[in-house]
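Tertiary structure, described
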Amino acid sequence: MSDDAALLKGLKVIDAASFIAAPVAATVMADFGADVIKVEAPGGDGFRDIYALPGMPIDTRNYAWEVDNRSKRGICIDLRSDAGRTVLDRLLDDADVLITNFVPRVRQKLGLRYQDLKARYPRLIYASMSAYGEAGPEAEKTGFDSTALWARSGLMDLVRPDPDTAPARSLPGMGDHPSGMSLLAGIMMALWQRERTGQGSQVSTSLVANGIWMNAFYGQAALNRAEIPVRPPRDETPNALSALYRCSDDRWFLLAIVNYEDRAAPGFFKAIGREDLLQDPRFATSTARRQNAAELMAILDQTFASADWPTWQARLTEHGVTFGTVARNADMPEDKQLRHAGAVVDDHLGRPMIGSPVFVGGAAKRPPAPAPGLGEHTREILAQHGYGPEDIDRMLSEGVVAENVLAEDTAAEG
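So, here is what we can say about the structure in this document. (Residues numbered from 1 in each chain as written. Predicted model: local features only at pLDDT ≥ 70, side-chain atom pairs only at ≥ 80, totals over all residues. Heavy atoms only, no water.)

Focus on helix α11 (residues 261-271)
Where we set the bar: A simple rule labels every residue: compare its accessible area, found with a 1.4 Å probe on the protein chains alone, to the largest value its type can have, and call it buried under 20%, exposed over 50%, or partly exposed in between. Helix numbers and strand numbers start at the N terminus; a helix is a DSSP run of H or I with at least 4 residues, a strand a run of E with at least 2. Throughout, the arc means the angular range of directions from the helix axis out to the C-beta atoms.
Taken together, the buried positions of α11 are E261, A265, F268, F269 and A271. Buried residues along α11 cover an arc of 145 degrees about the axis, so they all sit on one side. G273 sits one or two positions beyond α11 and adopts a positive phi of about 70 degrees.

Right, dumping it as structure tokens:
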């Protein structure tokens, strides 16, 4: 993709946030050509070290940092110092978007609240991510997607194999990435509003709000004071045609015949070679099948255990049956459909990388470029904003800014 074809070419984004949920909004903007400057404290974003913690996938490359901060330039600034805040102000002079996830008390201390910046930067879109919202008794609480989104929303309690098991833990970043898309949506709407009014604005979202939104089906029922059913064990499912099954090769799939069941059922039973079951009064109608779900599940368990997943996948596909492969992460490199869907793309070196899930007709995304090393572009960015070599050397010596020219790619490959 040429620079001229980039949808967001000319937009300047200051990513002064940490970890995942807020920064990934800037990452998607970088995919579409925005100039994103990643601002970190001299010690770096704590997210840089997450991949090396016990229990994480073992790799010599910092896969987490690469995918969530690709195509950005990096600068280290000590925002606690007056001189450091002055540097940030200069970066903001021609910026379109500032993204932050500092808690309110830190924003106030640094002079980084929207009300602190609005008069000087009237066209700035100020985008903030929080754990529990911008107001209220928990506004100052810190949190991650595992705590503020997954646990607080009720999803952790609901999504478990059966009532007697412990609540299900989330995976790293599982709620952060969709929450970042909410922030991106707010930013793009604010940019559109600016086109109409000439004025910037503040947009925000929170992990807890995104968690409640993800749980809207059951959450709205709870707000209506409805009784929320406990998820039953697998063998007590109320619908055998919407359940998990295991094949002879130990691969699982999710059968999902949930609408127009009586119309779809003949094709399903034909696919599995059990058309005779439709003649059985216990399974002839959807009502009867639900009343006898345990018996039907036992039959289907035996049936699916008689052949491997490729066999059943072909048969179910041939007859238009709705199902979902229970994929394993190890399947991802060979999953060709992910390429066609744009879910996996090639980076600047031709290596596979997770793609961002937004597509705009006629607007290609650029191949992911390297994620910045800590302070990799400090000198470049300062020079671009009017600082001379002597000024830069002085600020480096005083600790106002910091640099490390070792890019993430270079460190990984070296």
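After that view of the structure, there is still more to cover.
With respect to the layout of surface pockets
Put simply, the rule is: Cavities and pockets are found on a 1 Å grid laid over the protein atoms alone: a cavity is a set of points where a 1.4 Å probe fits but cannot escape, a pocket is an open set with protein on both sides within 12 Å along at least five of seven lines, and a lining residue has an atom within 4 Å of such a point. Grid points are joined across faces, edges and corners, and a volume is the space filled by probe spheres set on the points. Under the scheme applied, nonpolar residues are Ala, Val, Leu, Ile, Met, Phe, Trp, Tyr, Cys and Pro; charged residues are Asp, Glu, Lys and Arg; polar residues are all the others, including Gly.
There is about 1,900 Å³ of room inside the largest pocket. Taken together, 50 residues form the lining of the largest pocket, with Y63, V67, P172, H177 and I354 sitting closest to its centre. Contributions of two or more residues to the lining of the largest pocket are made by α1 (23-31), α2 (63-69), α6 (145-151), α8 (176-197) and β11 (352-354). Top contributing element to the lining of the largest pocket by residue count: α2, with five residues. For the lining of the largest pocket, a count of residues per class yields 31 nonpolar, 10 polar and nine charged.

Let's talk about the sheet that holds strand β8 (residues 252-255)
The line we're drawing: Pairs of strands are assigned from DSSP output, requiring at least two bridges between the strands. The angle between two axes is taken between their N-to-C directions and runs from 0 to 180 degrees, where each axis is a line fitted to C-alpha atoms and a helix contributes only its stretch in contact. Here, two residues are considered to be in contact whenever any of their heavy atoms come within 4.5 Å of each other.
Read across the sheet, three strands follow the order β7-β8-β9 without closing on themselves; strand pairing throughout is antiparallel. Edge positions in the sheet fall to β7 (244-246) and β9 (323-325), since each of these pairs with one other strand and no more. Taken over all neighbouring pairs, the strand axes of this sheet differ in orientation by 30 degrees on average, direction set aside. Two strands pair when backbone bridges link them, and β8 and β9 are joined in this way by three bridges, in the antiparallel orientation. By the bridge assignment for β9, F253 is matched with T325. Of the strands in this sheet, β8 and β9 touch helix α14 (residues 309-318), which is tilted by about 150 degrees from β9.

Some details on the pattern of salt bridges
Which entries qualify depends on this criterion: Salt bridge, as applied in this entry: a Lys or Arg side-chain nitrogen positioned within 4 Å of an Asp or Glu carboxyl oxygen.
Under the defined criterion, the tally for this structure stands at 34 salt bridges. Here K38 makes a salt bridge to D15, at a shortest N to O gap of 3.3 Å. Remark: D15 occurs in strand β1 (residues 12-16) and K38 occurs in strand β2 (residues 35-40); sequence separation between them is 23 residues. For the pair formed by K38 and D15, the shared burial category is buried.

What about the environment of G362?
With respect to the helices, strands and loops of the structure, G362 is situated in the loop between β11 and α16 (378-384). Under the relative-accessibility criterion, G362 is labelled exposed at 85%. Taking the C-alpha atoms as reference, G362 lies 8.9 Å from L7; in sequence the two are 355 residues apart.

Structural notes on the side chain of R289
With respect to the element layout, R289 can be found in helix α12 (residues 286-291). Excluding its chain neighbours within four sequence positions, the residues that come into contact with R289 are L241, E261, D262, A265, F269, L278, R282, F283, A284 and L296.

A short note on unusual backbone geometry
Unusually for a residue other than glycine, S71 sits at a positive phi of about 65 degrees. Given the relative accessible area of 8%, S71 is considered buried. A positive phi angle is found at Y260, which is not glycine, with a value near 50 degrees. Considering the arrangement of structural elements, one finds Y260 in the loop between β8 and α11.

Some remarks on the packing of aromatic side chains
Operational definition: Each Phe, Tyr or Trp ring, with Trp reduced to its six-membered ring, pairs with another whose centre is within 6.5 Å; inter-plane angles below 30 degrees give stacked pairs, above 60 give edge-to-face pairs, and intermediate values give tilted ones. Charge over a ring is defined by NZ of Lys or CZ of Arg lying within 6 Å of the ring centre and within 35 degrees of the ring normal.
In the structure shown here, the tally under the stated rule is 14 aromatic pairs. With a centroid separation of 5.4 Å and an interplanar angle of 70 degrees, the aromatic rings of F19 and F144 are classed as edge-to-face. Linking F19 in the loop between β1 and α1 with F144 in the loop between β5 (125-130) and α6, this pair joins segments that are 125 residues apart in sequence. Judged by its relative accessible area of 26%, F19 is partly exposed. Here the aromatic rings of F304 and W312 are separated by 5.0 Å at their centres, their planes lie at 80 degrees, and the arrangement is edge-to-face. In terms of burial, F304 and W312 fall into one category: buried. Ring pairing ties together the aromatic residues Y245, F253, F268, F269, F304, W309, W312 and F323, which thus form one cluster. The ring of Y245 carries the charged tip of R234 above its face, separated from the ring centre by 5.3 Å. The side chain of R315 reaches across the aromatic face of W312, ending 4.9 Å from its centre.

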